[in-house]
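Architecture at a glance
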Amino acid sequence: MQKTIFITGSGSGFGYDTAVALARRGHKVIATTHTTDSANELNSFAKKNNLNIESFKLDVTVPEDRQKILKHDIDVLLNNAGTGQSGSLAEIPLDKIRHDFEVNVFGSIALAQLALQKMMPRDSGTVIFVSSLAGRVPMPFLSSYSMTKFALSGGIDAMRREIKKITKNVHVALIEPGAYHTGFNQKNIAKKYTWMDEKSYFWKIKDDLKIEEEKYFKMMELKSTKSMVTQIVKACEASRPKLRYTAPWWQAVGVQVMRIFGK
Ligand SMILES: NC(=O)c1ccc[n+]([C@@H]2O[C@H](COP(=O)([O-])OP(=O)(O)OC[C@H]3O[C@@H](n4cnc5c(N)ncnc54)[C@H](OP(=O)(O)O)[C@@H]3O)[C@@H](O)[C@H]2O)c1
């Protein structure tokens, strides 16, 4: 069945790849982006490739931008837009943590509430949140980012159970990706070096830390987003989506084992 699927953060990475995959499967995709330039690029790609994708700028932190969702009758909202600060909670400026929460948590919940204004009276629809395996086991020096994803993975589980009390036809689900090479992790780990200086508690270890983090992501990241996009497409198309969709399976199992052993 063809669905209308509304995505945030579609200018790159999972958002872009999922928008294209869903359109190729015959869905109508409203693929919103952080900037107008990204929307223009996506619109010309869609036109050239005859894909049913409409793109425009929607910054999830801007209330007037979020209102744009009300102009569309959508079956699925995929809250994918995300950002991440790095650095230790021992010293990271609080405004950076607040920004992570504004984008990853408050922006996506506010958009979900708008989408639900139509889904609840109609008694159909699905709202999906892209969290992370870093929202199940925290990552040091990505603690601000991890906190936002813990907030999502915990909160959305509860929201799903709240909605289930009154309807079986409006669904809430989580996507929890492991590490994928979209450029997102590299962008995030580099951010702390823009504000850390000689006064940082971690100044002495910063070079080792950089090498360690780059090595970690090089080892863990999957080059292709295909395994994750397949799961996201499944969640969007499901008539009764599961709570969690994760990939790659071996990172999801690893995280589960770490949680059993008290991580
Ligand atoms: N890659 C991974 O290893 C990984 C793992 C777990 C979870 N995730 C999650 O997957 C989602 C997508 O990430 P990705 O890996 O595909 O990285 P990505 O390519 O950087 O995608 C994130 C997208 O969100 C957009 N964005 C940032 N702030 C925004 C805002 N205020 N309003 C609207 N859009 C905004 C970005 O646009 P600009 O680039 O123009 O700012 C970018 O297009 C994120 O929620 C991320 O936390 C990724």
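Here goes a summary of the coordinates provided. Counting starts from 1 at the beginning of each chain's written sequence and moves along it residue by residue. Local features are withheld for residues below a pLDDT of 70 in this predicted model, meaning they are given only at 70 or higher, and side-chain atom pairs are given and counted only at 80 or more; totals for whole chains, interfaces and linings count all residues. Only hydrogens and water are removed before side-chain values are computed, so all heavy atoms of the structure are retained for them.

1. Description of the overall build of the chain
Secondary structure summary: the chain contains nine helices and seven strands in total. It is over C-alpha atoms that the radius of gyration is taken, and the globule rule equals 2.2 Å times the number of residues to the power 0.38. Computed over its C-alpha atoms, the radius of gyration of the chain comes to 18 Å, within 12% of the 18 Å expected for a compact globule of 263 residues. When the backbone C-alpha atoms are referred to their principal axes, the chain occupies close to 55 × 40 × 35 Å. For every residue, the accessible area obtained with a 1.4 Å probe (protein chains only) is divided by the maximum for its type, and the residue is called buried under 20%, exposed over 50%, and partly exposed between those limits. Burial status across the chain gives 52% buried among its 263 residues. Accessible areas in this description were obtained via Shrake-Rupley with a 1.4 Å probe; residue shielding takes into account the shown protein chains only. Summed over its atoms, the accessible surface of the chain is roughly 13300 Å², and 56% of this surface lies on carbon and sulfur atoms. We count a stretch as a helix when DSSP gives it H or I for four or more residues in a row; a strand needs E for two or more, and each element gets its number in order from the N terminus.

2. Points about the site of the ligand
By convention in this text, a residue qualifies as near a molecule or strand provided that one of its non-hydrogen atoms is within 4 Å of it. Near the ligand lie 27 residues; those nearest to it are Ser12, Phe14, His34, Tyr145 and Thr182. The definition of a polar contact used here is a pair of N or O atoms within 3.5 Å, where within protein one atom must be able to donate a hydrogen and the other to accept one, and adjacent residues in sequence count solely through side-chain atom pairs. In the environment of the ligand, an oxygen atom lies 2.8 Å from a nitrogen or oxygen atom belonging to the backbone of Asn80. Relative to its unbound accessible area of 880 Å², the ligand is 91% covered by the protein chains. In the scheme used here, Gly and all other residues not listed as nonpolar or charged are polar, with Ala, Val, Leu, Ile, Met, Phe, Trp, Tyr, Cys and Pro taken as nonpolar and Asp, Glu, Lys and Arg as charged. Grouping the constituent residues of the shell around the ligand by class yields eleven nonpolar, 13 polar and three charged.

3. Here we look at the packing of helix 4 (residues 94-122) against helix 5 (residues 143-164)
Axis definition: a line fitted to C-alpha atoms, over the contacting stretch in the case of helices. Angles run 0 to 180 degrees between N-to-C directions. Contact geometry of helix 4 with helix 5 gives a least axis separation of 8 Å together with a crossing angle of 20°. In terms of orientation, helix 4 lies roughly parallel with respect to helix 5. In the packing of helix 4 onto helix 5, the handedness of the crossing is right-handed. On the side of helix 4, the interface is formed by Lys96, Ile97, Asp100, Phe101, Asn104, Val105, Ser108 and Leu116, while helix 5 contributes Ser144, Tyr145, Met147, Thr148, Lys149, Ala151, Leu152, Met159 and Ile163. Should an angle fall under 35 degrees it is called roughly parallel, over 145 degrees roughly antiparallel, and 65 to 115 degrees roughly perpendicular, with every other angle called oblique. Take the far helix as your reference; a near helix turned counterclockwise from it by less than a right angle gives a left-handed crossing, and one turned clockwise gives a right-handed crossing. Only heavy atoms enter the contact rule, under which two residues are in contact if any of them lie within 4.5 Å.

4. Topic: the packing of aromatic side chains
Ring pairs shown here join Phe, Tyr and Trp side chains whose ring centres sit within 6.5 Å, with only the six-membered ring taken for Trp; geometry is labelled stacked below 30 degrees between planes, edge-to-face above 60, and tilted in between. According to the stated counting rule, one finds eight aromatic pairs in the structure shown. Both rings, one in Phe6 and one in Phe56, keep their centres 6.3 Å apart while their planes meet at 65°; by these two values the pair is edge-to-face. With Phe6 in strand 1 (residues 4-7) and Phe56 in the loop between strand 3 (53-54) and helix 3 (63-66), the pair connects residues that are 50 residues apart, well separated along the chain. With a centroid separation of 6.4 Å and an interplanar angle of 75°, the aromatic rings of Tyr201 and Phe202 are classed as edge-to-face. Residue classification places Tyr201 among the exposed positions, given a relative accessible area of 63%. Within the aromatic cluster, the residues linked to one another by ring pairs are Phe141, Tyr201 and Phe202. Consider the ring centre and the ring normal. A charge sits over the ring if Lys NZ or Arg CZ is within 6 Å of that centre and within 35 degrees of that normal. The aromatic ring of Trp203 is capped on one face by Lys206, whose charged end is 4.2 Å from the ring centroid. Stacked on the ring of Tyr245, the Lys or Arg Lys242 has its end atom at 4.7 Å from the ring centre.

5. Focus on the packing of helix 6 (residues 184-191) against helix 7 (residues 206-220)
Relative to each other, helix 6 and helix 7 sit at 170°, their axes nearing to 11 Å. On the basis of their axis angle, the class for helix 6 and helix 7 is roughly antiparallel. Residues Asn185, Gln186 and Ile189 of helix 6 touch helix 7, and the partners they reach there are Glu213, Glu214 and Phe217.

6. A short note on the nonpolar core
For our purposes a nonpolar core is just a set of buried Ala, Val, Leu, Ile, Met, Phe, Trp, Tyr and Cys residues, chained together by side-chain atoms within 4.5 Å. Core analysis: the biggest nonpolar cluster contains 29 residues, and Val29, Ile53, Ile128 and Ile175 have the highest contact counts within it. Tallying contributions element by element places helix 8 (residues 226-237) first for this core, with six residues. With residues near it in sequence (within four places) discarded, Ile53 still touches Ala19, Val20, Ala23, Val29, Ala31, Leu42, Asn43 and Ala46. Of all hydrophobic cores here, the second largest spans 26 residues; its members include Val60, Leu77, Ala115 and Ile163.

7. Quick word on helix 9 (residues 249-260)
In a helix, the anticipated span is given by 1.5 Å times the number of residues less one. The end-to-end C-alpha separation of helix 9 is 17 Å, in line with the 16 Å expected for twelve residues at 1.5 Å each. Residues of helix 9 that are buried make contact with helix 7 and strand 7 (244-247). Phi turns positive, to about 85°, at Gly262, one or two residues after helix 9.

8. Points about the pairing of strand 1
The side-chain alternation of strand 1 yields two buried faces, one formed by Thr4 and Phe6 and the other by Ile5 and Ile7. In the sheet, strand 1 pairs with strand 2 (residues 28-31) via four bridges, with the strands oriented parallel. Each bridged residue has a counterpart across the sheet, and for Thr4 the counterpart in strand 2 is Lys28. Whether a crossover is right-handed depends on one test, that the path from the first strand over the helix to the second runs clockwise when the strands point away from the viewer. In terms of handedness, the path from strand 1 via helix 1 (residues 13-24) over to strand 2 forms a crossover that is right-handed. Think of it this way: DSSP has to see at least two bridges between two strands before they count as a pair.

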